[in-house]
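Here are the chains, one letter per residue:
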Amino acid sequence: MIKKKKGHVLTGTLSKHRKGFGFVTCEEIEQDIFIAPDSLGTAMDGDVVEIDLIPEYLWRNSPEAIITKVVSRKTAEVVGTFQKSKKFGFVIPESRKYREDIFVRKKDFSGAQRGDKVVVQITRYPDRYNSAEGKITEIISRAGQPGGDIKAIARSYGMRETFPSRASAEAKAVRKQGITADDLKGRKDLRDKTIFTIDGADSKDFDDAVSIEILENGNYLLGVHIADVAHYVKEAGPLDKEALKRGTSVYLIDQVIPMLPKALSNDICSLNPGKDRLTLSVDMEVSAEGEVVAHEIYESVIKSSERLVYDDISDLLENDDIEMATKYAHIKEELYAMNKLALRLRKNREARGSLDFDLDEAHITLDDQGFPIGIGVASRRSANKLIEEFMLLANETVAEHFFWLDCPFIYRVHEKPATDKIEQLRTFLRTMGIVLRGNADSIHPKAISSVLEEVRDKPTENVVNSVTLRSMQKAFYATACEGHFGLSLKYYSHFTSPIRRYPDLMIHRIIKAWLHGEDILKLTKRYKKKVQEAAELSSAAERQAVEAEREVEKLKKAEYMSYHVGNVFDGIISGVTGFGIYVQLENTVEGLIRIDELSDDYYDHIKEKYALVGRRTGNTYKLGDDIAVLVNSVDIERREINFLPADSLLY
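Cut-offs and rules
- Residues numbered from 1 in each chain as written.
- Predicted model: local features only at pLDDT ≥ 70, side-chain atom pairs only at ≥ 80, totals over all residues.
- Heavy atoms only, no water.
- Salt bridge = Lys/Arg side-chain N within 4 Å of Asp/Glu carboxyl O.
- Helix = DSSP H or I, 4+ residues; strand = E, 2+ residues; numbered from the N terminus.
- Buried < 20%, exposed > 50% of the residue type's maximum accessible area, 1.4 Å probe, protein only.
- Axes fitted to C-alpha atoms, helices over the stretch in contact; angles between N-to-C directions.
- Parallel < 35°, antiparallel > 145°, perpendicular 65-115°, else oblique.
- Contact = heavy atoms within 4.5 Å.
- Expected span 1.5 Å × (residues − 1).
- Polar contact = N/O pair within 3.5 Å; in protein donor to acceptor, adjacent residues only side chain to side chain.
- Patch = residues over 30% accessible without salt bridge, like charges linked within 9 Å, V, L, I, M, F, W, Y side chains within 5 Å.
- Areas by Shrake-Rupley, 256 points an atom, 1.4 Å probe, with all protein chains shown as cover.
- Lys, Arg positive; Asp, Glu negative; His and termini not counted.
- Charge placed at Lys NZ, Arg CZ, Asp CG, Glu CD.
- Pairing = 2+ DSSP bridges.
- Phe/Tyr/Trp six-rings, centres within 6.5 Å; stacked < 30°, edge-to-face > 60°.

*Asks:* Give a detailed account of the pattern of salt bridges, specifying residues and quantitative values.
*Replies:* Counted according to the given criterion, the structure contains 50 salt bridges. The salt bridge involving Arg187 is made with Asp228; its shortest N-O contact spans 2.6 Å. Of the two residues, Arg187 is situated in the loop between α3 (181-184) and β11 (188-189) and Asp228 in the loop between β14 (220-227) and α4 (229-232); the sequence distance between them amounts to 41 residues. Exposure class is identical for Arg187 and Asp228. Each is buried. Connected through salt bridges with shared partners, the residues Arg346, Arg349, Glu350, Asp356, Arg380, Glu388 and Glu389 form a single ionic network.

Right, dumping it as structure tokens:
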């Protein structure tokens, strides 16, 4: 029970939901406090507010309150679409957390035209009688300009493609200087070795390369060579401060909001073929059984011999494609050896219980105008998995090495699932005829991985994977090595992508300082606070990036399905709620059949069975069931797709 002392004011931060309600987080109360739409007052998302708890007997399922005062405002600007009349205009917010339009006087149009995507600076916050008012400070894109909608979403999350002038100048200066003789001092020269990159066909930045040798004892010498970004991004300089602020690169279908300027990410730091490049290498001697028996971490210089593409190499490894075998005859043996090792590593991961959520991910194709012309399932083939295994092994090796040195570091942590989440998962799996073994409070990854294996290649695989994934905790960055549940590893870090992730860049600095002889005491003094700050900021940046990526994907999926209203598709029930049924199509698009559209019966939501059941007919809609649906309507602005059961058209 939550008790509030008389005269004690509760203060917290408001997080608004797109459906109009919100939650306030307070230090005094562990649970988030629900705020109904009519109890929000004039508060906006992110505001610090004072609240008054309503009596407990009026609660629905959790604490509820009324906002009584806005203590401080967070929102200084809003991104949206400009609409205007002769004497005034208003901005319709892009973010669905801001439901209220921003009023703009004619003198504050700043050249904006109807339909433009703009940034409006708030000059007066809403009160009881007036809506918020602002002036336009930036035109993101003109009406109808290709890619403007994605740019607006990115900008609504505070993401900018362009860099501050000082950071850009530093990047250009670094690129212009290139690699000097001094840069090579103390580095191991690997330029005569067969080293190559394997990436997607559209990739522009290459931050990892690989090599392999078969040793006389039969073991593999696997080399993972990572761009030495820390050599170029000087600590506490303009580039470093901007990279820390961004935390990660963000990939929005055909647009990228990079962590570092292209002068670095696509040029001097990118491991382009035929170019001398500075790297940080990890050589791992791996036995035929897939165990790392020795390793070495060192600074190096490489010259990538090939820029390989996932699909091409997958064709070779999977099908012995004659064209690819001929084209890559000079490195074919290395590729086959790598694949053999990767399969062994994968088998070992599976044996220890590492979770592989082989979820269907969307691959959205846009035309030159930014319109979606195709949605399919992104491929994850042999070459993709090969690189994935090698990067996992390098990340684990580096994490364990520096854990035992007991120096400041950033680890990738994934905690075990909450007990109640596992119990809910167990109940769901039981409805699918699947048994989840083990105790909920001490579940082992292997118990969950056996479930994933049981449904592999079955029609229900994607649904079971999705529900199981939702029961997991979210991974984050931390300074304590607390293990990775999903990978079933005690030691894990992110080391292999310093071009696009700040934690990787930070631990590269620590590794280089250690390689140059800096003792642990000095490392601790220098980096203890910095790794904590980087871990916290990077975790927050990652969450925001995921949210923005999902928002763009939802927008383009809704836009694509708007061309298919009236069409029928096959799908699978991916969610069941009290207000309707979520259905996922084969192309990964998800939509909702609202319960009030099921006109053939009155349906009850049987929560423990993940089903809607008709009272009169007994007709059942259950999670995992196949279903044909008709696209009934699409609301692009709200990113909502509404379906009807196709068989309802027969009545």
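*Asks:* Pulling in residues and values, what's your account of the packing of helix α5 (residues 238-246) against helix α14 (residues 502-515)?
*Replies:* Contact geometry of α5 with α14 gives a least axis separation of 9 Å together with a crossing angle of 135°. The pairing of α5 with α14 is recorded here as oblique in orientation. Residues Asp240, Ala243 and Leu244 of α5 form the contact with α14, whose own contacting residues are Tyr502, Leu505 and Arg509.

*Asks:* Run through the environment of Asp45, naming residues and quoting values.
*Replies:* Looking at the element boundaries, Asp45 is found in the loop between β3 (33-35) and β4 (48-53). Sequence spacing of Asp45 and Arg73 is 28 residues, and the spatial spacing of their C-alpha atoms is 8.8 Å.

*Asks:* Give a detailed account of helix α15 (residues 520-562), specifying residues and quantitative values.
*Replies:* Between its first and last C-alpha atoms α15 spans 59 Å; for 43 residues at 1.5 Å apiece the expected length is 63 Å, and the two agree. Where α15 begins, the capping side chain belongs to Asp519, and its oxygen is found 3.2 Å from the backbone nitrogen of Leu521.

*Asks:* Break down a positive patch on the surface for me, citing the residues and quoting the values.
*Replies:* On the surface, a cluster of positive charge is made up of Lys421, Lys474, Arg550 and Lys554. Note that Lys421 resides in helix α11 (residues 419-431).

*Asks:* Help me get a handle on the sheet that holds strand β6 (residues 77-84), residues and values and all.
*Replies:* Spatially, β6-β7-β8-β10-β9 is the arrangement adopted by the 5 strands of the closed barrel, whose pairing is mixed. Averaged over all adjacent pairs, the angle separating strand axes in this sheet is 50°, with direction ignored. Looking at chain direction, β6 and strand β9 (residues 117-124) are connected through 5 bridges and run antiparallel. When the bridges of β9 are listed, Val78 appears paired with Val120. Contacting β6, β9 and β10 (133-141), helix α1 (residues 148-156) crosses the sheet at an angle of about 130° to β10.

*Asks:* Tell me about the packing of aromatic side chains, residues and numbers included.
*Replies:* Applying the stated rule across the entire model yields 14 aromatic pairs. Measuring from centroid to centroid gives 5.6 Å for Phe23 and Phe34, while their planes differ by 70°, and the two rings are edge-to-face. Residue Phe23 is found in strand β2 (residues 22-26), and its partner Phe34 is found in strand β3; the two are separated by 11 residues along the sequence. For Phe34, a relative accessible area of 14% puts it in the buried group. For the ring pair Phe428 and Tyr610, a centre distance of 5.2 Å and an interplane angle of 70° mean the geometry is edge-to-face. Highlighted residues: Phe428 in helix α11 and Tyr610 in the loop between β27 (603-606) and β28 (611-614), separated in sequence by 182 residues. For Phe428, a relative accessible area of 0% translates into the label buried.

*Asks:* A description of the environment of Gly566 should follow, citing residues and the corresponding values.
*Replies:* Mapped onto the fold, Gly566 is located in the loop between α15 and β24 (568-577). For Gly566, a relative accessible area of 43% puts it in the partly exposed group. Note: C-alpha distance between Gly566 and Phe485 (81 residues apart in sequence) is 44 Å. Apart from residues no more than four positions distant in its own chain, Gly566 is found in contact with Leu630 and Val631.

*Asks:* I'd love a proper account of the sheet that holds strand β29 (residues 620-622), names of residues and values included.
*Replies:* Pairing within the open sheet is antiparallel, and its 3 strands lie in the order β27-β28-β29. Each edge of the open sheet carries a strand with a single partner, namely β27 and β29. Taken pair by pair, the neighbouring strands of this sheet meet at an average axis angle of 20°, ignoring direction. Relative to β28, β27 runs antiparallel, the two being bridged by 4 bridges. Within β28, the residue paired with Asp604 across the bridge is Val613.

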